[in-house]
Amino acid sequence: MHQPPLSHLEGTDPEIAALVESEARRQFEKLRMIPSENYVSMAVLEASGSVLTNKYSEGYAGRRYYEGQQFIDPIELVAIQRAKDLFGVDHANVQPYSGSPANLAVYLAFASPGDTVMGMALPMGGHLTHGWAVSVTGKWFRSVQYGVRADTGRIDLDEVRDLALKERPKIIFCGGTAIPRVIDFAGFAQIASEAGALLVADIAHIAGLIAGGAHPSPAGHANVITTTTHKTLRGPRGAMIMTDAEHASAIDKAVFPGLQGGPHDHTTAAIAVTLKEAATPEFGEYAHRVVANSRALAAALTERGYSLISGGSDNHLILIDLTPQEIAGKPAARALDRAGIEVNYNTVPFDTRRPFDPSGIRIGTPAITTRGLTPGHMPQVAAWMDEAISAAIKDDEATIGRIAGAVRDLLTGFPMPGYAPTP
Ligand SMILES: *Cc1c(COP(=O)(O)O)cnc(C)c1O
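Computed from a predicted structure; not experimentally measured. (Residues numbered from 1 in each chain as written. Predicted model: local features only at pLDDT ≥ 70, side-chain atom pairs only at ≥ 80, totals over all residues. Heavy atoms only, no water.)

1. Thoughts on the domain arrangement of the chain
As far as domains go, the chain holds domain 1 (47-278) and domain 2 (289-411). Of note, the centres of domain 1 and domain 2, computed from C-alpha atoms alone, are 29 Å apart. In this assembly, 21 residues from domain 1 lie in contact with 20 residues from domain 2. Here domain 1 and domain 2 share an interface that buries about 1600 Å² over both sides, 59% of which is from carbon and sulfur atoms. In this structure, the connection of domain 1 to domain 2 is made through one salt bridge. (Domains from an automatic or database assignment. Contact = heavy atoms within 4.5 Å. Buried area = accessible area lost by both parts, 1.4 Å probe. Salt bridge = Lys/Arg side-chain N within 4 Å of Asp/Glu carboxyl O.)

The structure is reproduced here in structure tokens:
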């Protein structure tokens, strides 16, 4: 049963209530291994589902365009202070609706349409909003894109420097969605300074690892840091932009009134709670366990003959090229899902297949670590993945169904906030 119980929703809208109940159960029964997903705490769920959703608060604390901000202002100020303390930055804006609008605010603040901007190409591990062609950031700016080396699967900072000095972008983005290795923020900062560019570190995927001390921080290196709050940071769907004092007011103006109207106050409260949780020693242990699990899983998959981009993982994420297994990413991801292991199909660097039917899958350990799985479980997880992929190749649905049952049995012993199994 969903926690808190959905009794009012069941009364008003049984159709939606039943679907939410089913989703809660699905999340309980599956190994959720999409690296951008997690399980939030009951405290975060309660803040997200509170009456704060009723309020309008355009503007910033003490400078609002609506009355009745007696309790909203302190909530937003607490969230801001906790972000500043946790990440060691001068300024934080907690209002962006999500990661993509947060990045758009950076463009609005520091570039004009037609300016040159630079980011990692999406199929190399970057994000749409780092200047990829189908995104507004690739259409309204002159975007130049870097990638990884074919031989190492890693970013080559000498290549990035050559491109930056040749193209002279106004903004350089580092960070991405499919990078299994540590990002060298100091190295990027050196390049941005040589090229006269603003450095933006988009830490959407790794914010929780940084907060927990399991990945180096971009604070003091990047001029601007953007992040979602719902990935490894384990908070509500939302985002933050953090800056030094010099870039603070440009960012605030870009978020409101440049790009958005009223902030989502229920999300702001949930972000505040998230940041309090992320400042605890327990969260630091969680972040380190996410990495330990990812390393253990990478080792177990390598042992089973899987080809990992860059040869392994330093963080929460593993990118697998399934070409040697002679199955594409999409049928593998579908089979794994039927086996109770939820991943996503993904392009790999220099992919020869099409983006909607690529060669790889992307997996990660943030959510299963929240459930309580440890490095000792990872050989079993790798074995199930391998069996399910082999079964998919042979159209062996019985094996896939058997794995789903074994996964369900294992996860019965690992509680999930937001769901209470009915006896
Ligand atoms: C997830 C992500 C985003 C976008 O976040 P949304 O909330 O989905 O808009 C931006 N940048 C990176 C690197 C991401 O991983």
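Let us keep going from here.
2. Here we look at the site of the ligand
Close contacts around the ligand come from 13 residues, with Ser98, Ser100, Asp202, His205 and Lys231 the closest. Within the side chain of Asp202, a nitrogen or oxygen atom sits 2.6 Å from a nitrogen atom of the ligand. Lys231 is positioned with one of its side-chain polar atoms (N or O) 2.7 Å from an oxygen atom of the ligand. Here the shell around the ligand gets three residues from one element, more than from any other, and that element is helix α5 (residues 99-110). (Near = heavy atom within 4 Å. Polar contact = N/O pair within 3.5 Å; in protein donor to acceptor, adjacent residues only side chain to side chain. Helix = DSSP H or I, 4+ residues; strand = E, 2+ residues; numbered from the N terminus.)

3. Some details on the side chain of Asn38
Of note, Asn38 is situated in the loop between β1 (31-32) and α3 (42-48). When its relative accessible area of 10% is taken as the criterion, Asn38 is described as buried. (Buried < 20%, exposed > 50% of the residue type's maximum accessible area, 1.4 Å probe, protein only.)

4. Comments concerning the packing of helix α7 (residues 157-167) against helix α8 (residues 185-195)
Contact pair α7 / α8: the axes reach a minimum separation of 9 Å and the direction vectors enclose 20°. Between α7 and α8, the angle falls in the class roughly parallel. Once α7 is placed against α8, the crossing between them reads as right-handed. Side by side, α7 and α8 meet where Leu157, Val160, Arg161, Ala164 and Leu165 of the first sit next to Gly187, Phe188, Gln190, Ile191, Glu194 and Ala195 of the second. For the contact of α7 with α8, the class distribution of residues is seven nonpolar, two polar and two charged. (Axes fitted to C-alpha atoms, helices over the stretch in contact; angles between N-to-C directions. Parallel < 35°, antiparallel > 145°, perpendicular 65-115°, else oblique. Left-handed = near helix turned anticlockwise from the far one by under 90°. Nonpolar A, V, L, I, M, F, W, Y, C, P; charged D, E, K, R; others polar.)

5. Let's talk about the sheet that holds strand β4 (residues 91-93)
Pairing in this open sheet of seven strands is mixed, and the strands run β4-β10-β9-β8-β7-β5-β6 from one edge to the other. The open sheet has two edge strands, β4 and β6 (142-146), and neither has a second partner. The mean angle between the axes of side-by-side strands here comes to 20°, regardless of whether they run parallel or antiparallel. Bridge analysis of strand β8 (residues 198-202) against strand β9 (residues 224-228) gives three bridges, and the strand direction is parallel. Within β9, the position partnered with Asp202 by the bridge is Thr226. Packing against the sheet, α7 makes contact with β5 (116-120), β6 and β7 (171-174), and its axis sits at approximately 160° to β6. (Pairing = 2+ DSSP bridges.)

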